[in-house]
Amino acid sequence: MARPLLPDDLWTEIAPLLPPPRPRPKGGRRPIENRAALTGILFVLRSGVPWEMLPAEMGCGCGMSCWRRLRDWQAAGVWARLHQVLLERLHGAGEIDWSRASLDSASVPAKKRGSATGPNPTDRGKAGTKRHLVTDARGTPLGVCLSGANRHDSVMMAPTLDAIPPVRNGRRGRPRHRPDKLHADKAYDAEPRRHECRARGIVPRIARRGIERSERLGRHRWVVERTHAWFNRFRRLPVRYERRADIYEAFTSLAASLITLNQIRRFC
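Residues numbered from 1 in each chain as written. Predicted model: local features only at pLDDT ≥ 70, side-chain atom pairs only at ≥ 80, totals over all residues. Heavy atoms only, no water.

Asker: Run through the overall build of the protein, naming residues and quoting values.
Answerer: Helix and strand counts for the protein come out as 8 helices and 6 strands. Across the protein, helices and strands are ordered from the amino to the carboxyl terminus as α-α-α-α-β-β-β-β-α-β-α-β-α-α. Here the protein has a C-alpha radius of gyration of 19 Å; the compact-globule value for 268 residues is 18 Å, and the two agree. Projected onto its principal axes, the C-alpha positions of the protein cover 70 × 50 × 35 Å. For the protein, buried positions account for 49% of its 268 residues. A sequence separation of at least 24 residues applies to 66% of the contacts in the protein between residues at least 6 apart. (Helix = DSSP H or I, 4+ residues; strand = E, 2+ residues; numbered from the N terminus. Rg over C-alpha atoms; globule rule 2.2 N^0.38 Å. Buried < 20%, exposed > 50% of the residue type's maximum accessible area, 1.4 Å probe, protein only. Contact = heavy atoms within 4.5 Å.)

Structure representation (structure tokens):
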């Protein structure tokens, strides 16, 4: 049997995080339910259809109502908190492998330009956005950042590491938000990047240009490339259609949560 678009385990995690509904004027139209709005958001994320083509028979209201709910929940920090809560569930079960982390980026074209875009040097200077991602040794997304496609990978290492939220395991003690070791390719080969890792208590394992052979470089880093492929299964992400960076960031953060939820189902 196919899994529903909004399964109960996802709704159980996100429902307590949603802000209370705004008071509506007397006689105003009743807003759509949060669960219906989230179903519409998930449909657009997974299928890639434009907001105005959201099927009316789904009962999710109009596309712009779902868009506004996505925007408002992003401003309220719902998507980031959801990802953190799911990471804490996985960490509490002992299923986040902090011994090794992998870092890499992927560029996507940005059709409408906007903030966090830039000329992509690998795509004839067309506007694009770069997704910077750090995962644990099993490919679970720990932190995600966005930048213009012309932003060099190495300067985004520190912001991406700092995007990892503090993750508690349900027991006493300090939360965890740093891996033991970080694997990265030759794009990050610079002494300031190694210093940034050491300053955060992370052992850098960055490939050196002209020294290490290419066939050895992907032995531990292939997991982050696979996770980028998981992100691209959400049809709204391989091409950025949103002019506003916060909307694309909301989609990306929600996708990270769905990937993390799949890891919970797989390992817990």
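Asker: Go over unusual backbone geometry, please, and point to the residues and values.
Answerer: Although it is not a glycine, Arg 113 sits at a positive phi angle of roughly 55°. You can see Arg 113 is positioned in the loop between β1 (101–109) and β2 (118–119). A residue is classified by how much of its surface remains accessible, and Arg 113, at 52% relative accessible area, is exposed. The phi angle at Arg 124 is positive, at roughly 55°, despite the residue not being glycine. On the accessibility criterion, Arg 124 (72% relative accessible area) is exposed.

Asker: Account for the layout of surface pockets, naming residues and giving values.
Answerer: Size it by volume and the largest pocket reaches roughly 750 Å³. Lining the largest pocket are 23 residues, and of these Arg 22, Pro 31, Ile 32, Arg 69 and Asp 72 sit closest to its centre. For the lining of the largest pocket, the element with the highest residue contribution is helix α3 (residues 63–75), accounting for 6 residues. For the lining of the largest pocket, a count of residues per class yields 10 nonpolar, 4 polar and 9 charged. (1 Å grid on protein atoms, 1.4 Å probe; cavity = no way out; pocket = protein on both sides within 12 Å on 5 of 7 lines; lining within 4 Å. Points joined across faces, edges and corners; volume = space filled by probe spheres on them. Nonpolar A, V, L, I, M, F, W, Y, C, P; charged D, E, K, R; others polar.)

Asker: Could you give me a rundown of the packing of aromatic side chains, with the residues and numbers involved?
Answerer: Aromatic ring pairs are described here by two measures, namely the spacing of the ring centres and the angle between the planes. Evaluation of the coordinates by the stated rule reveals 2 aromatic pairs. With a centroid separation of 5.8 Å and an interplanar angle of 20°, the aromatic rings of Trp 51 and Phe 251 are classed as stacked. Separated by 200 residues along the polypeptide, Trp 51 in the loop between α2 (34–47) and α3 and Phe 251 in helix α8 (residues 245–267) bring together distant segments of the chain. Overall, the relative accessible area of 7% leaves Trp 51 in the buried class. Judged by its relative accessible area of 0%, Phe 251 is buried. Sitting above the plane of the Phe 267 ring, Arg 138 keeps its charged end 4.4 Å from the centroid. (Phe/Tyr/Trp six-rings, centres within 6.5 Å; stacked < 30°, edge-to-face > 60°. Lys NZ or Arg CZ within 6 Å of the ring centre and 35° of its normal.)

Asker: Can you lay out the nonpolar core for me, pointing to particular residues and giving the numbers?
Answerer: A general trend in soluble globular proteins is that nonpolar side chains are found buried together. Counting residues in each nonpolar core, the largest one holds 59 residues, and the members touching the most others are Ile 41, Trp 79, Met 157, Leu 182 and Phe 251. In terms of residue count, α8 provides more of this core than any other element does, 11 residues in total. Beyond its immediate chain neighbours, meaning those up to four positions away, Trp 79 contacts Ile 14, Leu 38, Ile 41, Leu 70, Trp 73, Gln 74, Ala 250, Ser 253, Leu 254 and Ser 257. (Core = buried A, V, L, I, M, F, W, Y, C linked by side-chain atoms within 4.5 Å.)

Asker: Break down the environment of Asp 162 for me, with residues and values.
Answerer: Following the sequence through the fold, Asp 162 ends up in helix α5 (residues 157–162). Within the local environment of Asp 162, its side chain forms a polar contact with the side chain of Arg 200, the two groups lying 2.9 Å apart. (Polar contact = N/O pair within 3.5 Å; in protein donor to acceptor, adjacent residues only side chain to side chain.)

Asker: Can you explain the pattern of salt bridges? Please cite residues and give values.
Answerer: Under the counting rule described, the total for this entry stands at 17 salt bridges. A salt bridge links Asp 9 to Arg 265; the shortest N-O distance between them is 3.0 Å. Placement of Asp 9 in helix α1 (residues 8–14) and of Arg 265 in helix α8 is noted, with a sequence separation of 256 residues between them. For the salt bridge of Asp 162 with Arg 200, the shortest nitrogen-to-oxygen distance reads 2.9 Å. Note that Asp 162 is positioned in helix α5 and Arg 200 in the loop between α6 (191–199) and β6 (203–206), a separation of 38 residues in sequence. When its relative accessible area of 41% is taken as the criterion, Asp 162 is described as partly exposed. (Salt bridge = Lys/Arg side-chain N within 4 Å of Asp/Glu carboxyl O.)

Asker: Could you give an account of the packing of helix α4 (residues 78–92) against α8, naming the residues involved and the relevant values?
Answerer: Closest axis-to-axis distance for the α4/α8 pair is 9 Å, and the angle between their directions is 15°. By the angle class used here, α4 and α8 are roughly parallel. The handedness of the crossing between α4 and α8 comes out as left-handed. On α8, the residues that touch Trp 79, Ala 80, Leu 82, His 83, Leu 86, Leu 87, Arg 89 and Leu 90 of α4 are Ala 250, Ser 253, Leu 254, Ala 256, Ser 257, Thr 260, Leu 261, Gln 263 and Ile 264. Looking at the contact of α4 with α8 residue by residue, the classes come out as 11 nonpolar, 5 polar and 1 charged. (Axes fitted to C-alpha atoms, helices over the stretch in contact; angles between N-to-C directions. Parallel < 35°, antiparallel > 145°, perpendicular 65-115°, else oblique. Left-handed = near helix turned anticlockwise from the far one by under 90°.)

Asker: An account of the side chain of His 83 is requested, with residue identities and associated values reported.
Answerer: In this fold, His 83 is placed in helix α4. Residues within four places of His 83 in sequence aside, it is in contact with Pro 141, Leu 142, Ala 256, Ser 257 and Thr 260.

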